[in-house]
Amino acid sequence: MSGGSDESSPSSGRASLSSLSDLNDLELSSESSCLSIVVLGASGDLAKKKTFPALFHLFQQGFLQSGEVHIFGYARSKISDEGLRERIRGYLKGASDEHVSEFLQLVTYVSGSYDSGEGFELLNNAISEHETSKNNTAGSSRRLFYLALPPSVYPSVCKMIRSYCMNPSSHAGWTRVIVEKPFGKDLDSAKELSAQLGQLFNEKQLYRIDHYLGKELVQNLLVLRFANRLFLPLWNRDNIDNVQIVFREDIGTEGRGGYFDQYGIIRDIIQNHLLQVFCLVAMEKPVSLKPEHIRDEKVKVLQSVIPIKHDEVVLGQYDGYKDDSTVPDDSNTPTFASLVLRVHNERWDGVPFILKAGKALNSRKAEIRVQFKDSPGDIFKCKTQGRNELVIRLQPSESMYMKLTVKKPGLEMATEQSELDLSYGLRYREVKIPEAYERLILDTIRGDQQHFVRRDELKAAWEIFTPLLHDIDDGKVKSLPYTPGTRGPPEADELSKRMGYMQTYGYVWIPPTLAKI
Ligand SMILES: NC(=O)C1=CN([C@@H]2O[C@H](COP(=O)(O)OP(=O)(O)OC[C@H]3O[C@@H](n4cnc5c(N)ncnc54)[C@H](OP(=O)(O)O)[C@@H]3O)[C@@H](O)[C@H]2O)C=CC1
Ligand SMILES: O=C1O[C@H](COP(=O)(O)O)[C@@H](O)[C@H](O)[C@H]1O
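Residues numbered from 1 in each chain as written. Chains lettered and ligands numbered in written order. Predicted model: local features only at pLDDT ≥ 70, side-chain atom pairs only at ≥ 80, totals over all residues. Heavy atoms only, no water.

A short note on helix α9 (residues 257-282)
One turn of an α-helix holds 3.6 residues; hence residues three or four places apart share an orientation. Taking 1.5 Å per residue as the helical rise, α9 with its 26 residues ought to reach 38 Å, whereas the 33 Å between its terminal C-alpha atoms falls clearly short. For α9, the principal kink sits at G264 and spans about 95 degrees. (Helix = DSSP H or I, 4+ residues; strand = E, 2+ residues; numbered from the N terminus. Expected span 1.5 Å × (residues − 1). Bend = angle between axes of the 7 residues up to and from the residue.)

In structure tokens, the structure reads:
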């Protein structure tokens, strides 16, 4: 297979612990040959909202140089170069018109189908022309294909790329393919998809993107857990009572009902985004920060998860979801789910991990809540004040805070709940936190697969959820109705309580970046 230098130069080892501190020393210098980025599905929602803006931000910061990069949009829609540029212009924020126009000049469009050679030949000619114009040594170029497409067309698109658009040499340069989730609908379909793509590309050429792995506070989890002595002895069943990993959105499916109804919230959010976060919270310390060492640990913890019990699952569907004409009237598809994962190992036996996700709720946020056990032999009678809880707010207003019991300031010896707080907006005022997609595309260009999902990891993830998903699809587990703008079905809060989660009544934390100080 002609896969460029990915065949022989493993990407593992790029992000060593020491290189983390050198993140600004980008490795583009060592790979400065001509770069072609192809966004397939360029006419779509993801491309305009996320992919092109991420490329623009990389361009703004100098990671993509106009002298070496060209961006090709590809889709079936018959639009001109200018038509595509106008579509994405409105999503390129925070720069002068001149800078935006400079970037847009790097973007051209090729129209073609996803399953016939004609369009891909045109695309290959356009790429080759660009490479020739940059006096590129034959075969030393870099070709990155981003599949911003429905997964149903991945096999045919990959076949076309393989047949028509590969970097022609196996001695230098590379061809890499980013594929978007969902990677399958259950274990069998994921295995089939993996087998189909596996026949066309090797694992080093495939980048299964999960954009949660590109979020700042998700990337911080390894550092938090393994670089802080404070947490090392506490991070286990002796000290931690329960863990919640929560995703909330205050919007519904918003015109994506047709897509969403085939998948539901477990396949859309929990099986991928929240499970990746779960891995980073629950896995053992990797041997090193080499991508393969980290991914080995993720696979191990996934394989230690025992089957999900039906009585530890609450599903919901918001009222009005079925008003979307593309959603069947008898749909049981959950738009909300709360379920418990249990890890059968020495560290976590008996500790429930509650994974909760919902659309059309009362707020938008994603966070991890690690709740510690009560202090033994309490002399302050402060159980009602609540427990220690480490909260990692992934978004919005990235922050970490530890809920503590303190003496209430004043003359009395009374206790109250307070917090140690690290709000990024205050602590890192000058730092612009990069968008997840920006980081992950840059990782792909650098050949760093740490933050991408490996094939065996994907299989282990589907093994956990497939039995439950089949039972939901067969109507054996029902979705309860809930009112949009609420916390979801009350049964979900009851489940959390049953799992030992103790809410701290009367305590509300407002991120200082949002509060009027
Ligand atoms: N949108 C989002 O926020 C997110 C999306 N994703 C994933 O990214 C991928 C793309 O998502 P999104 O951009 O929303 O998808 P779209 O529905 O917007 O599809 C992208 C493009 O694919 C083509 N297309 C659409 N349906 C079909 C079809 N049935 N057969 C062939 N081509 C089709 C269309 O282009 P044309 O007709 O011009 O060829 C369309 O513009 C999906 O896998 C999605 O799950 C992941 C995270 C978030
Ligand atoms: O993958 C998806 O993620 C988005 C939420 O992403 P976020 O970065 O804004 O948290 C979700 O809306 C969408 O349904 C899902 O497909």
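Thoughts on the environment of D443
When you line up the elements, D443 lands in helix α12 (residues 436-446). Sequence separation of D443 and Y207 is 236 residues, and the distance between their C-alpha atoms is 9.7 Å.

Regarding the packing of helix α5 (residues 117-133) against helix α6 (residues 154-165)
Packed helices, taken two at a time, are described by their axes: the angle between them and the distance between them. Where α5 meets α6, the closest approach of the two axes is 9 Å, and the angle between their N-to-C directions is 50 degrees. Taken together, the axes of α5 and α6 are oblique relative to one another. Handedness of the crossing formed by α5 with α6: right-handed. For the pair formed by α5 and α6, the contact residues are G117, F120, E121, L123 and N124 on the first element and V157, M160, I161, Y164 and C165 on the second. (Axes fitted to C-alpha atoms, helices over the stretch in contact; angles between N-to-C directions. Parallel < 35°, antiparallel > 145°, perpendicular 65-115°, else oblique. Left-handed = near helix turned anticlockwise from the far one by under 90°. Contact = heavy atoms within 4.5 Å.)

A short note on the site of ligand 1
Taken together, 21 residues lie around ligand 1, and S43, L46, R76, S77 and Y114 are the ones closest in. One of the backbone N or O atoms of K181 is found 3.0 Å from an oxygen atom in ligand 1. For ligand 1, the protein covers 74% of the area, taking 870 Å² as the surface of the free molecule. Taken together, the residues that form the shell around ligand 1 break down as twelve nonpolar, four polar and five charged. (Near = heavy atom within 4 Å. Polar contact = N/O pair within 3.5 Å; in protein donor to acceptor, adjacent residues only side chain to side chain. Areas by Shrake-Rupley, 256 points an atom, 1.4 Å probe, with all protein chains shown as cover. Nonpolar A, V, L, I, M, F, W, Y, C, P; charged D, E, K, R; others polar.)

Let's talk about the nonpolar core
Side chains of nonpolar character tend, in soluble globular proteins, to be buried together. The biggest cluster of nonpolar side chains holds 147 residues, and the ones touching the most others in it are L147, I266, F278, L341 and F353. Per-element tally for this core: the top contributor is α9, with 13 residues. Leaving out residues up to four positions away in the same chain, F278 has contacts with I245, L302, V305, L341, V343 and F353. (Core = buried A, V, L, I, M, F, W, Y, C linked by side-chain atoms within 4.5 Å. Buried < 20%, exposed > 50% of the residue type's maximum accessible area, 1.4 Å probe, protein only.)

Looking at the sheet that holds strand β8 (residues 313-318)
Taken in spatial order, the nine strands of this open sheet run β14-β13-β12-β11-β7-β10-β9-β8-β15, and their pairing is mixed. Since the sheet does not close on itself, it has two edges, and those belong to β14 (415-423) and β15 (479-482), each with one partner. Direction aside, the axes of adjacent strands within the sheet are offset by 20 degrees on average. In terms of strand pairing, β8 meets strand β9 (residues 336-342) through four bridges, oriented antiparallel. (Pairing = 2+ DSSP bridges.)

Focus on the pairing of strand β2 (residues 69-75)
The element β2 is largely enclosed, with a buried count of seven among its seven residues. The alternating pattern of β2 places V69, I71, G73 and A75 on one face and H70, F72 and Y74 on the opposite face, and all of these are buried. The sheet contact formed by strand β1 (residues 35-40) and β2 spans six bridges and is parallel. Within β2, the residue paired with L40 across the bridge is Y74. Here β2 runs beside strand β3 (residues 107-111); their pairing, made up of five bridges, is parallel. Across the sheet, the residue bridging to Y74 is V110, located in β3.

Describing the sheet that holds β1
Read from one edge to the other, the open sheet built from six strands follows the order β3-β2-β1-β4-β5-β6, with strand pairing classed as parallel. Two strands lie at the open edges of the sheet, namely β3 and β6 (206-208), each paired on one side alone. Geometrically, the sheet is characterised by an average inter-axis angle of 20 degrees between neighbouring strands, direction not taken into account. Strands β1, β2, β3 and β4 (142-147) of the sheet are contacted by α5, whose axis makes an angle of about 170 degrees with β2.

Considerations on the packing of helix α2 (residues 45-60) against helix α4 (residues 97-104)
Between α2 and α4, whose axes approach to 10 Å, the crossing angle comes to 110 degrees. The orientation of α2 with respect to α4, classified from their angle, is roughly perpendicular. Along the contact surface, α2 presents F52, L55, F56, F59 and Q60, while α4 presents H99, V100, E102 and F103. The residue makeup of the contact of α2 with α4, split by class, is six nonpolar, two polar and one charged.

Examining the site of ligand 2
Of all residues adjacent to ligand 2, which total 13 residues, the nearest are K181, Y212, K215, E249 and D268. Measuring from an oxygen atom of ligand 2, one finds a side-chain N or O atom of H211 at 2.8 Å. Interatomic distance of 2.7 Å between a side-chain N/O atom of D268 and an oxygen atom of ligand 2. Among the elements that take part in the shell around ligand 2, α9 stands out by supplying three residues, more than any other. In the shell around ligand 2, the residues fall into three nonpolar, three polar and seven charged.

Section: the pattern of salt bridges
This structure, assessed with the given rule, holds 29 salt bridges. Residue R393 pairs with E367 through a salt bridge whose shortest N-O separation is 3.1 Å. Taken together, the positions of R393 in strand β12 (residues 389-395) and E367 in strand β11 (residues 365-372) put the pair 26 residues apart, joining distant regions of the chain. The pair formed by R393 and E367 is uniform in burial state, with each residue classed as buried. Ionic pairing is found between D471 and K476, a salt bridge with its closest N-O pair at 3.7 Å. Classification of D471 by relative accessible area gives buried; the value is 17%. Residue K476 is classed as exposed on the basis of its relative accessible area of 58%. Through salt bridges with shared partners, a single network forms among E292, R295, D296, R454 and D456. (Salt bridge = Lys/Arg side-chain N within 4 Å of Asp/Glu carboxyl O.)

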